[in-house]
Amino acid sequence: MKLIADLHIHTIASGHAYSTLEEILAAAAAKGLKIIGTADHGPSMPGGPDLYHFGNLRVLPEEWRGIRLLKGVEANIVDYAGNLDMPETYLKKLDYAMAGIHAICYPGGTVEQNTRAMVRAMENPYVDVIVHPGNPEFPIEAERVLAAARRLEKVIEINNSSLCGSRKGSFANCNRIAHLVAETGAQIIIGSDAHFSADVGRFDDALKMCQAAGVKEEQIINSSEERFWAYLEKRCKQKSLSS
Ligand SMILES: [Zn+2]
Ligand SMILES: [Zn+2]
């Protein structure tokens, strides 16, 4: 199985990532990826971009060096009500939005509070993906998060970087989530969470774990261009119905 899209990419605009978008696209082309999503951290991340960064993404081309370029964000869930650090007016202008909990932008909570925050964030019509839900620093009731993802027809991410260095101790949680995904037939996306060009399209650990857990290729939306666009088109329709 070869994954063709990586939507979880950070550029120098995130403040703690080290490659330009050009460098990322060159790396993606060299690896044979078809689609790249730029998803810098939301504005409440220290050193992260201002809202202006997201408001001006329209100057970027839709395609560059043969790669389809999507413009997105990894917004921060900032409270237990699942509010994000990006207003709807900005989210509306993006091709997609991912949302996740990050230590410095979220107060920290109980399993109940974290679960509720994630489910509420997913209920935001502009959120397409919930990132790294297996982070042991913010434990959740995975069954409820997956049930909400299925109800709302959204995907959760299995984050490759969580399995090779970031968010230590993630393996057990991510593995459990992967097994639940296999059992329930939920849809997921695998993201590299690259903060440097060499990591763009790096999916190996997450893919290995998902396959061992019995997740089928058709459950992974970035496993084919057809599946990927079908998901984004469906989300696009849902967004237009809610706006
Ligand atoms: Zn980051
Ligand atoms: Zn993140």
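Heads up: the structure comes first, above all this text.
Quantities reported herein were computed from a predicted structural model and do not represent experimental measurements.

Colleague: Whenever I open this one, the overall build of the chain confuses me. Can you help?
Modeller: From N to C terminus, the chain includes eight helices and eight strands. For the chain, the C-alpha radius of gyration of 16 Å lies close to 18 Å, the compact-globule estimate for 243 residues. Each principal axis of the C-alpha atoms in the chain carries an extent, and together these give about 40 × 35 × 35 Å. Counting over 243 residues, the chain shows a buried share of 52%. Sequence separation of at least 24 residues holds for 79% of the intrachain contacts in the chain that already meet a minimum separation of 6.

Colleague: How should the pairing of strand E2 (residues 35-41) be read in this particular structure?
Modeller: Regular strands place side chains that alternate from one sheet face to the opposite one. The buried fraction of E2 amounts to seven of the seven residues, a majority that puts the element mostly inside the structure. Strand direction decides the pairing type here: strand E1 (residues 5-9) and E2, joined by three bridges, are parallel. Residue Asp6 lies in a different strand from E2, and its bridge partner there is Ile36. A crossover connection joins E1 to the parallel E2 through helix H1 (residues 21-30); in handedness this β-α-β unit is right-handed. When E2 meets strand E4 (residues 67-76), the two strands line up parallel, connected through seven bridges. Looking at the pairing, Thr38 lines up with Lys71 of E4.

Colleague: Help me understand the pattern of salt bridges in this model?
Modeller: If the charged atoms of two oppositely charged side chains come close together, the side chains can form a pair. On inspection of all chains with the given rule, the structure shows twelve salt bridges. Residue Glu22 pairs with Arg65 through a salt bridge whose shortest N-O separation is 2.9 Å. Here Glu22 is found in helix H1, whereas its partner Arg65 is found in the loop between strand E3 (63-64) and E4, with 43 residues between them in sequence. The class of Glu22 is partly exposed, set by a relative accessible area of 38%. The partner of Asp128 in a salt bridge is Lys239, and the shortest N-O contact between them spans 3.0 Å. Pair noted here: Asp128 is in the loop between helix H4 (111-123) and strand E6 (129-130) and Lys239 is in helix H8 (residues 225-242), with a separation of 111 residues, a long-range link. Both residues of the pair, Asp128 and Lys239, belong to the buried class. Here the salt bridges do not stand alone but share partners, grouping Glu112, Arg116, Glu141 and Arg144 into one network.

Colleague: Explain H8 to me, please; I cannot follow it from the model alone.
Modeller: The periodicity of an α-helix, 3.6 residues per turn, causes residues three or four positions apart to be oriented the same way. Between its terminal C-alpha atoms H8 stretches 26 Å, which fits the 26 Å expected from 18 residues at 1.5 Å a residue. Among the residues of H8, those classed as buried are Phe228, Tyr231, Leu232, Arg235 and Lys239. Seen along its axis, H8 keeps its buried residues to an arc of 90°; they face one direction. Opposite the buried face of H8, at more than 90 degrees from it, the exposed residues are Glu226, Glu233, Lys237 and Leu241. As for H8, its buried residues are in contact with E1, E2, E4, strand E5 (96-100), strand E7 (155-159) and strand E8 (188-191).

Colleague: Even after reading the chapter, I still don't get the coordination of the zinc ion (ligand 1), so can you show me in this structure?
Modeller: Ideal donor angles around a metal are set by the shape: a four-donor tetrahedron calls for 109.5 degrees, a six-donor octahedron for 90 or 180 degrees. Taken together, His16 (NE2), His41 (NE2) and His195 (NE2) make up the full set of protein donors to the zinc ion (ligand 1), lying 2.0 to 2.1 Å away. Separating the zinc ion (ligand 1) and the zinc ion (ligand 2) is a distance of 5.5 Å. With His16 in the loop between E1 and H1 and His195 in the loop between E8 and helix H7 (204-213), the pair connects residues that are 179 residues apart, well separated along the chain.

Colleague: What is the right way to look at the coordination of the zinc ion (ligand 2) in this model?
Modeller: Donor atoms from the polypeptide that bind the zinc ion (ligand 2) are Glu74 (OE), His102 (NE2) and His132 (NE2), placed at 2.0 to 2.2 Å. Read from N- to C-terminus, the donor residues coordinating the zinc ion (ligand 2) fall into the pattern E-x27-H-x29-H.

Colleague: Teacher, can you tell me more about the packing of aromatic side chains here?
Modeller: The description of an aromatic ring pair rests on the distance of the ring centres and on the angle between the ring planes. Evaluation of the coordinates by the stated rule reveals three aromatic pairs. Seen from their ring centres, Phe228 and Trp229 are 5.2 Å apart, and the 75° between their planes marks the pair as edge-to-face. Looking at Trp229, the relative accessible area reads 22%, which means it is partly exposed. Taken together, Tyr80, Tyr106 and Phe138 form an aromatic cluster joined through their ring pairs. Of note, Lys93 hangs over the ring of Tyr90, and the distance from its end group to the ring centre comes to 5.1 Å.

Colleague: Sorry, what's going on with unusual backbone geometry here?
Modeller: A negative phi angle is the norm for most residues apart from glycine, just as the trans form is the norm for most peptide bonds. Phi at Arg167 is positive, roughly 45°, even though this residue is not glycine. Its location among the elements puts Arg167 in the loop between E7 and helix H6 (170-184). For Arg167, a relative accessible area of 19% puts it in the buried group.

What counts as what
Residues numbered from 1 in each chain as written. Chains lettered and ligands numbered in written order. Predicted model: local features only at pLDDT ≥ 70, side-chain atom pairs only at ≥ 80, totals over all residues. Heavy atoms only, no water. Helix = DSSP H or I, 4+ residues; strand = E, 2+ residues; numbered from the N terminus. Rg over C-alpha atoms; globule rule 2.2 N^0.38 Å. Buried < 20%, exposed > 50% of the residue type's maximum accessible area, 1.4 Å probe, protein only. Contact = heavy atoms within 4.5 Å. Pairing = 2+ DSSP bridges. Right-handed = clockwise from strand over helix to strand, strands pointing away. Salt bridge = Lys/Arg side-chain N within 4 Å of Asp/Glu carboxyl O. Expected span 1.5 Å × (residues − 1). Arc of directions from axis to C-beta. Donors = N, O, S within 2.8 Å, 3.2 Å for Na, K, Ca; no water. Phe/Tyr/Trp six-rings, centres within 6.5 Å; stacked < 30°, edge-to-face > 60°. Lys NZ or Arg CZ within 6 Å of the ring centre and 35° of its normal.

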